[in-house]
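# Geometric and topological summary
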Amino acid sequence: MHAHPAASSPEDVAAPAIELRGLFKVYRGGRGRPDKVALHGIDFTVPRGAFFGLLGPNGAGKSTTINILAGLVVKTAGTVRVLGVDLDERPRLVRRLMGVVPQELNIDAFFTPRETLEYQAGLYGVPKHRRRTDELLEALGLSDVADAYARTLSGGMRRRLLVAKALVHDPPVVILDEPTAGVDVELRRQLWAYMKRLNARGTTVVLTTHYLEEAEALCGQVAIIDHGRLVACGATRELVARLDEKELRVRTEPPVDGLPEVLRALGFSVDDGWLVVRYRPSRTRIGDLLEAVRAAGFAVRDLATREPDLEELFLRLVARGREDRTPEPASAP
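Below you will find a few notes about this structure. Predicted model, so just to flag it, every value in this text is computed and none were measured.

## With respect to the sheet that holds strand β4 (residues 77-82)
The strand order β2-β1-β4-β5 describes an open sheet built from four strands, whose pairing is antiparallel. In this open sheet, the two edge strands, each paired with only one partner strand, are β2 (36-46) and β5 (85-86). In this sheet, β5 lies alongside β4 in antiparallel orientation, the contact comprising two bridges. Bridge pairing links R81 to D86 in β5.

So, in structure tokens, the structure goes:
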């Protein structure tokens, strides 16, 4: 892989890939309509080389954040730095340091994929001998349609072309905004395999997605936003572990026929012949629960435990954030 055109000056070496501080975006209402605050002072850092997930419900502010980074939306307040470069001071360099894959399929219908990539490389000033057009076409499964007009491509093929287009200048930071929305499972698998290879070679990947199982499988770190506010940010495993909840399922001998009151009092229920209980590992030992089952006259024939996942964390944090929120005037600093 070619050397990234990343900031090469000594002071940038330790800088994170992306740093957002106090990021506000207010859309002015005008004509008597109220202002809309899309981002309420967002703060988070994406470490260099991370595979980072930006998660949130529809309308949470994910795309607004991405579009500010991409230079498509002007922030109202706050600081944005990419590899130590300030967006306000050097916007063109910031754009060069990133490859952004937008949600919208904005491709010239009368260019072929090959022409699209060559033209994009030219815009970034990539010399002919350093262009990776054929490599990108092959990596993203576009070689067979390289010379077909883009308007004849399926939605999935156009999505792949957008990814290739974002990579022509070999950016050190790649941002994908809902890249697998509406695409088939096979394409999703291919796309993630390629992004994981890219990340393994040092590229920082930032992903917004609705597919929480996808984020859990791919992203070592996540930030969760809701209604323009950050509700959590950190290592995915650590955030999930904060739920402090597990589920224990016990198959008994004899099979459960009616739940003894002593087990009901501990929170047990019956599901399809299994004794089921949710408990907090920080407060309750699994051995004590199994001992209670035995004391109630059952032998343990089989058991299974289930950890919480990112979806549960996501729903819990978003709900908690909405409960904690107090009304405030729609204004930025």
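There's plenty left to go through after this.
## Focus: the layout of surface pockets
Taken as a whole, the largest pocket encloses approximately 580 Å³ of empty space. Lining the largest pocket are 22 residues, and of these A70, R95, V100, Q120 and Y124 sit closest to its centre. Those elements that place two or more of their residues in the lining of the largest pocket are α1 (62-69), α2 (91-97), β6 (98-101), α3 (113-123) and α5 (155-166). Of the residues forming the lining of the largest pocket, the biggest block, four residues, is contributed by β6. Per-class residue counts for the lining of the largest pocket are eleven nonpolar, five polar and six charged. Around the second largest pocket, the lining is made up of 15 residues, and of these N58, G59, A60, G61 and S63 lie nearest the centre. Of all the elements, α1 adds the most residues to the lining of the second largest pocket, at three residues.

## A few points about α3
Residues of α3 that are buried: P113, T116, L117, Q120 and A121. Relative to the axis of α3, the buried residues are bounded by an arc of 130 degrees and lie together on one face. At the exit of α3 stands G125, carrying a positive phi of roughly 70 degrees.

## Thoughts on the sheet that holds strand β9 (residues 221-226)
Strand order in the open sheet formed by six strands is β6-β7-β8-β3-β9-β10, with mixed pairing between adjacent strands. If you trace the sheet from one side to the other, it starts and ends with β6 and β10 (229-235), each paired once. Within the sheet, the average angular offset between the axes of one strand and its neighbour, ignoring direction, is 15 degrees. In this sheet, strand β8 (residues 204-208) lies alongside strand β7 (residues 173-177) in parallel orientation, the contact comprising five bridges. Bridge pairing links V173 to T204 in β8.

## Comments concerning the packing of aromatic side chains
Within this structure, the stated rule accounts for three aromatic pairs. Measuring from ring centre to ring centre gives 6.5 Å for F110 and Y149, while their planes differ by 65 degrees; the resulting arrangement is edge-to-face. Here F110 is found in the loop between β6 and α3, whereas its partner Y149 is found in the loop between α4 (133-139) and α5, with 39 residues between them in sequence. Given the relative accessible area of 55%, F110 is considered exposed. Judged by centre distance (5.7 Å) and plane angle (85 degrees), the rings of F111 and Y119 are edge-to-face. Over the aromatic face of Y27 sits the side chain of K25, whose NZ or CZ is 4.9 Å from the ring centroid.

## Side note on unusual backbone geometry
Here the bond from E253 into P254 is cis, since omega is 0 degrees, no more than 30 degrees from zero. Notably, L83 is not glycine yet its phi reads approximately 50 degrees, a positive angle. Along the polypeptide, L83 turns up in the loop between β4 and β5. Its identity is not glycine, yet E178 carries a phi of approximately 50 degrees, on the positive side. Position of E178 relative to the elements: it lies in the loop between β7 and α6 (185-200).

Cut-offs applied
Residues numbered from 1 in each chain as written. Predicted model: local features only at pLDDT ≥ 70, side-chain atom pairs only at ≥ 80, totals over all residues. Heavy atoms only, no water. Pairing = 2+ DSSP bridges. Helix = DSSP H or I, 4+ residues; strand = E, 2+ residues; numbered from the N terminus. 1 Å grid on protein atoms, 1.4 Å probe; cavity = no way out; pocket = protein on both sides within 12 Å on 5 of 7 lines; lining within 4 Å. Points joined across faces, edges and corners; volume = space filled by probe spheres on them. Nonpolar A, V, L, I, M, F, W, Y, C, P; charged D, E, K, R; others polar. Buried < 20%, exposed > 50% of the residue type's maximum accessible area, 1.4 Å probe, protein only. Arc of directions from axis to C-beta. Axes fitted to C-alpha atoms, helices over the stretch in contact; angles between N-to-C directions. Phe/Tyr/Trp six-rings, centres within 6.5 Å; stacked < 30°, edge-to-face > 60°. Lys NZ or Arg CZ within 6 Å of the ring centre and 35° of its normal.

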